[in-house]
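Read off the chains here:
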Amino acid sequence: MDVGFLGLGLMGQPMALNLAKAGTPLVVWNRSPGRCDAVAAAGAKVAAGPAEVFAQARVVILMLADEAAMDDVLERGTPGFAAKVAGHVVVHMGTTAPGYSAALEKDVRAAGGAYVEAPVSGSRGPAEAGQLVAMLAGEPAAVEEVRPLLRPMCHETVVCGAVPSALLMKLAVNLFLITMVGGLAEAVHFAARHGLDLGTLLHVLDSGPMASAVSRTKAGKLVARDFSPQAAIADVLKNNRLIAEAARASRTASPLLDVCLALFGETLSLGYGDADMAAVVHAIEARTRHLAETATDSPHS
């Protein structure tokens with residue numbers, strides 16, 4: 001049978017494209033049909049709706065925007081839910097609250113289906129290159145059925161245990177990513193404010209022990225003021241909120257994340273929701289302007 005793929009957004013489209021290019025028999029659907037064109041050109045079939053995908057595919061990958069979109073597509077809470085998922089393996093590759101995923105697994109299994117969490121680490125660039133890292137959780141038999149199907153999209157697949165351990169692992173990884181990019185943006189802003197040559201800053205960063213694929217990519221974008229999205233501010237803020245909620249629920253301190261939650265929220269409010277996460281520098285710059293204005297307005301200035 002075909003493999004199904006629902007959701008061809010910023011990440012989903014290149015992921016599905018890599019599956020199609022690898023020769024995976026693929027049937028896809030997206031709410032905006034135009035997003036299917038490139039994948040169809042690579043050999044995938046385009047379904048008229050999610051039900052048609054489930055009719056043709058045993059394994060169905062979901063790369064949807066949020067929990068509401070997943071529930072809508074699966075018709076969760078209606079008789080149509082069981083009709084869709086019974087006898088199928090539902091693969092959740094997006095990012096949602098871990099508690100939501102655990103409840104969805106329970107519902108899928110009760111309806112006669114199997115369920116695998118498979119969130120990925122990596123942004124659009126690695127997605128295009130097939131270099132994502134997938135974290136897998138679920139019943140071992142279902143995980144082993146899904147794992148080889150992910151190879152065209154992921155250079156590494158790591159089994160994390162039972163649901164929702166894969167999503168918790170993804171949130172831990174994203175906590176590091178969010179705070180790292182926030183710190184990098186602040187470092188570039190600090191250097192610019194002190195008149196340092198930013199090309200030299202890039203050279204020093206790239207030559208030292210802190211260099212990484214993320215630092216090279218994001219520092220380059222910051223210096224070039226290139227905010228074309230690889231991981232958009234709105235999506236990063238959603239991840240930030242999910243991590244914060246999980247931290248609160250487990251009474252875990254997250255001081256660095258909390259600062260980033262405020263900064264990414266401010267960036268969204270400034271109108272940069274569709275820009276790359278490096279655009280968080282706009283919020284830092286706005287805070288600097290506020291400091292300057294406050295100093296100017298002070299009677300002691």
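Quick look at the structure, then. (Residues numbered from 1 in each chain as written. Predicted model: local features only at pLDDT ≥ 70, side-chain atom pairs only at ≥ 80, totals over all residues. Heavy atoms only, no water.)

Topic: unusual backbone geometry
Then step 1. Between Val 163 and the following residue, Pro 164, the backbone shows a cis peptide bond with an omega angle of 10°.
Then step 2. The backbone of Arg 225 sits at a positive phi, close to 55°, despite the residue not being glycine.
Then step 3. With respect to the helices and strands, the residue Arg 225 is situated in the loop between α11 (213–224) and α12 (233–249).
Then step 4. Arg 225 sits in the partly exposed class, given a relative accessible area of 41%.
Then step 5. In this model, Arg 251 sits at a positive phi of 55°, which is unusual for a non-glycine residue.
Then step 6. Considering the arrangement of structural elements, one finds Arg 251 in the loop between α12 and α13 (255–269). (Helix = DSSP H or I, 4+ residues; strand = E, 2+ residues; numbered from the N terminus. Buried < 20%, exposed > 50% of the residue type's maximum accessible area, 1.4 Å probe, protein only.)

What about the environment of Arg 225?
Then step 1. Arg 225 sits 145 residues away from Gly 80 along the chain, and the two C-alpha atoms are 48 Å apart.
Then step 2. Of note is the side chain of Arg 225, whose polar atom sits 2.7 Å from the side chain of Glu 285. (Polar contact = N/O pair within 3.5 Å; in protein donor to acceptor, adjacent residues only side chain to side chain.)

Some points on the environment of Val 120
Then step 1. In this fold, Val 120 is placed in strand β7 (residues 120–121).
Then step 2. Residues Val 120 and Met 135, 15 residues apart in the sequence, show an inter-C-alpha distance of 6.2 Å.
Then step 3. If we skip the residues at most four places from it in the chain, Val 120 touches Met 11, Met 15, Met 63, Met 93, Leu 132, Val 133, Ala 134, Met 135, Cys 154 and Lys 170. (Contact = heavy atoms within 4.5 Å.)

A short note on helix α1 (residues 12–21)
Then step 1. With 9 of 10 residues buried, α1 lies mostly within the body of the structure.
Then step 2. Every buried residue of α1 is listed here: Gly 12, Gln 13, Pro 14, Met 15, Ala 16, Leu 17, Asn 18, Leu 19 and Ala 20.
Then step 3. Phi for Gly 23, located one or two positions after α1, is positive at around 90°.

Some words on the pattern of salt bridges
Then step 1. The full count for this structure, using the stated rule, is 16 salt bridges.
Then step 2. In this structure, Asp 276 engages Lys 218 in a salt bridge whose closest nitrogen and oxygen atoms are separated by 3.0 Å. Placement of Asp 276 in the loop between α13 and α14 (281–297) and of Lys 218 in helix α11 is noted, with a sequence separation of 58 residues between them.
Then step 3. The exposure class of Asp 276 is buried, given its relative accessible area of 0%.
Then step 4. For Arg 248, the salt bridge goes to Asp 258, with nearest N and O atoms at 2.7 Å. In this pair, Arg 248 sits in helix α12 while Asp 258 sits in helix α13, placing the two residues 10 residues apart along the sequence. (Salt bridge = Lys/Arg side-chain N within 4 Å of Asp/Glu carboxyl O.)

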